[in-house]
Every structure is written in C-alpha cells, then in structure tokens.
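# Results of the structural survey
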Amino acid sequence: MKTDVLSLHSPRTSWFDRLRADDASMALQAAGITGFALLTAFAADANVRLYLWEVPITLQTLMVYASGLFLGARNGMLAQLLYVALGMFVPVYAGDGTGVAYLLGLASGGYILSYPVAAFVTGALTERWNTLVGSTLSMLVGAAIIFTAGVTWLHYVADHATWMESIDKGFLRFLWIDLAKIGVLGVLFGGFRFATGSDTDAQN
C-alpha cells in the first residue's frame, strides 16, 4: 500500500515500532529509557557557548525529539524525566553544577524542565503522525513547548528589560539550528521506518 508524500500517517510498520509498543519487554523499555537519558546527557556535554549568548548551543533538543519519536509518549517522557533527575546528582546539564538550586538558577532551566512534556507530546502525536511530514510536525509541536517554556523562564531568570530581548536570546537565535535538527531527524526517522517497514503487517 502506497502512502501519499504529504500524508501524516502511513500503515507501514517497522521494527522501530517495537520500542514504542506497550507489550515490549521490560528489558527493552528500560534500555530505551536509560539509553536516551544518557544520550541527552552526552548531547548536553557537546555544547558551544557564544559571547553574549546566555543559553548555550547544545544537541539536547535533538535527543528530546528523538526520544519521543523512537520511544513513544510514555517512555520518551520517562527518558527525559530520568535525565532531569540525573542532574540532581551528576553534572549532566550544560555546566558543572548539580542539584535543584543549580537547575533553578540556570538560564536554560526552563528548557530542561520542559523536556519530559515535549518528549511526551512528540511521542503521542507520532502514534498517528508517523510519516516524514507527520513526524516533522510532531517535533515542531515539541519545539514550540520547549521554546515557550525556555523563553518564559529566561525572561525572569535573566531579568530582561523586554520580552523581545528574551525572544531574541532564547528563541530567534536558535530557530534555524533547531529547524535543522528537526529536518535531519525527520528524514532519518522517516527513512528508517520506510526502509525497514512492511505493508503486510500493518494495522489500521
């Protein structure tokens, strides 16, 4: 069965869907949750801090979107909750500190705290929106959640004079970077699902 290029849903199933299945083994689910929490930590470590930029450039959001795509709503959220929890004891955020006080004082704290919600929503949407276009739209919704929380938090923590300053420093400067992440991840996810998919096993 063929799927229209602009369709949001494809009946094709893929072995990637096993990670998202409710009846997946506990070991597989635990591995997925732990793996994506650690990948998010590694992504935070790969950061670039630019002069006068209050929020560093990292690959964290890429892992947030990916956790929702590959693990689904519940486990994607759990992976990001585990990542946030790890930061209470281990320096896994984009910095050297740990604990609640450190997180609450970070300019990027709002982004981090939104990760579980963004992963959940992205995963929930891709239960039906599983094509290239669908998964891309799902990630855009997840990105909207992250940047809304991030910019709001940044505005008050950094004590910006205007909301436009917060939007500029917390969103506009990162817009093309995250669009590139979403585009690349959408192509990879859609391509992998298509390459490893099968119409014969599909369920409506």
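Residues numbered from 1 in each chain as written. Predicted model: local features only at pLDDT ≥ 70, side-chain atom pairs only at ≥ 80, totals over all residues. Heavy atoms only, no water.

Here we take up a nonpolar patch on the surface. Taken together, the side chains of Tyr156, Trp163, Met164, Ile167 and Leu172 make up a nonpolar region of the molecular surface, amounting to roughly 510 Å² of accessible area. Looking at the nonpolar patch, the element that brings in the most residues is helix H7 (residues 163-170), giving three residues. Here Ile167 shows up in helix H7. (Patch = residues over 30% accessible without salt bridge, like charges linked within 9 Å, V, L, I, M, F, W, Y side chains within 5 Å. Areas by Shrake-Rupley, 256 points an atom, 1.4 Å probe, with all protein chains shown as cover. Salt bridge = Lys/Arg side-chain N within 4 Å of Asp/Glu carboxyl O. Helix = DSSP H or I, 4+ residues; strand = E, 2+ residues; numbered from the N terminus.)

Let us look at the environment of Ala101. Relative to the helices and strands, Ala101 is located in helix H4 (residues 100-105). Judged by its relative accessible area of 68%, Ala101 falls in the exposed class. Sequence-wise, Ala101 and Thr34 are 67 residues apart; in three dimensions their C-alpha atoms are separated by 24 Å. (Buried < 20%, exposed > 50% of the residue type's maximum accessible area, 1.4 Å probe, protein only.)

Tallied over the full model, the rule gives four salt bridges. Measuring nitrogen to oxygen at the nearest pair gives 3.0 Å for the salt bridge that ties Glu165 to Lys169. Of this pair, Glu165 and Lys169 are both found in helix H7, four residues apart, which corresponds to roughly one turn of the helix. Residue Asp168 pairs with Arg173 through a salt bridge whose shortest N-O separation is 3.3 Å. The class of Asp168 is partly exposed, set by a relative accessible area of 26%. For Arg173, a relative accessible area of 24% translates into the label partly exposed. Look at the salt bridges and you will find they share partners, linking Glu54, Glu165 and Lys169 into a network.

Bringing the packing of aromatic side chains into the picture now. Taken as a whole, this structure holds eight aromatic pairs when the rule is applied. Measuring from centroid to centroid gives 5.3 Å for Trp53 and Phe174, while their planes differ by 70 degrees, and the two rings are edge-to-face. Of the two residues, Trp53 sits in the loop between helix H2 (26-45) and helix H3 (60-86) while Phe174 sits in the loop between H7 and helix H8 (175-195), which places them 121 residues apart along the sequence. With a relative accessible area of 6%, Phe174 lands in the buried category. (Phe/Tyr/Trp six-rings, centres within 6.5 Å; stacked < 30°, edge-to-face > 60°.)

Attention shifts here to the side chain of Thr126. With respect to the element layout, Thr126 can be found in the loop between helix H5 (109-125) and helix H6 (132-157). Here Thr122 takes part through its backbone oxygen, which lies 3.0 Å from a polar atom of the side chain of Thr126. With near-sequence residues (within four places) excluded, Thr126 lies in contact with Arg20, Gly68, Leu69, Ser135 and Ser138. (Polar contact = N/O pair within 3.5 Å; in protein donor to acceptor, adjacent residues only side chain to side chain. Contact = heavy atoms within 4.5 Å.)

Let us look at the nonpolar core. Nonpolar side chains in soluble globular proteins tend to end up buried together. Counting 41 residues, the largest nonpolar core has Phe70, Tyr83, Tyr93, Tyr111, Ile112 and Leu185 as the members making the most contacts within it. Of all the secondary structure elements, the ones that give two or more residues to this core are H2, H3, H5, H6 and H8. Ranked by the residues each element gives to this core, the list is headed by H3, at eleven residues. (Core = buried A, V, L, I, M, F, W, Y, C linked by side-chain atoms within 4.5 Å.)

Now for H7. At 3.6 residues per turn, the α-helix brings residues three or four places apart onto the same side. What H7 keeps buried is the set Ser166, Lys169 and Gly170. Here the buried residues of H7 occupy an arc of 85 degrees about the axis, which is enough to place them on one side. Those residues of H7 that are buried are in contact with H5 and H6. (Arc of directions from axis to C-beta.)

Applying the stated criterion across every chain, the model contains one cavity of 30 Å³ or more. In this model, the largest cavity occupies a volume close to 180 Å³. Around the largest cavity, the lining is made up of 16 residues, and of these Val55, Pro56, Thr58, Thr61 and Phe174 lie nearest the centre. Going through the elements one at a time, H3, H5, H6 and H8 are the ones with two or more residues in the lining of the largest cavity. Ranked by the residues each element gives to the lining of the largest cavity, the list is headed by H8, at three residues. When its residues are assigned to classes, the lining of the largest cavity shows ten nonpolar, four polar and two charged. (1 Å grid on protein atoms, 1.4 Å probe; cavity = no way out; pocket = protein on both sides within 12 Å on 5 of 7 lines; lining within 4 Å. Points joined across faces, edges and corners; volume = space filled by probe spheres on them. Nonpolar A, V, L, I, M, F, W, Y, C, P; charged D, E, K, R; others polar.)

Quick look at unusual backbone geometry now. One non-glycine residue, Asp159, lies in the positive phi region at around 55 degrees. Its place among the elements puts Asp159 in the loop between H6 and H7. Classification of Asp159 as exposed rests on a relative accessible area of 66%.

These values are about where atoms sit, not about what they do.
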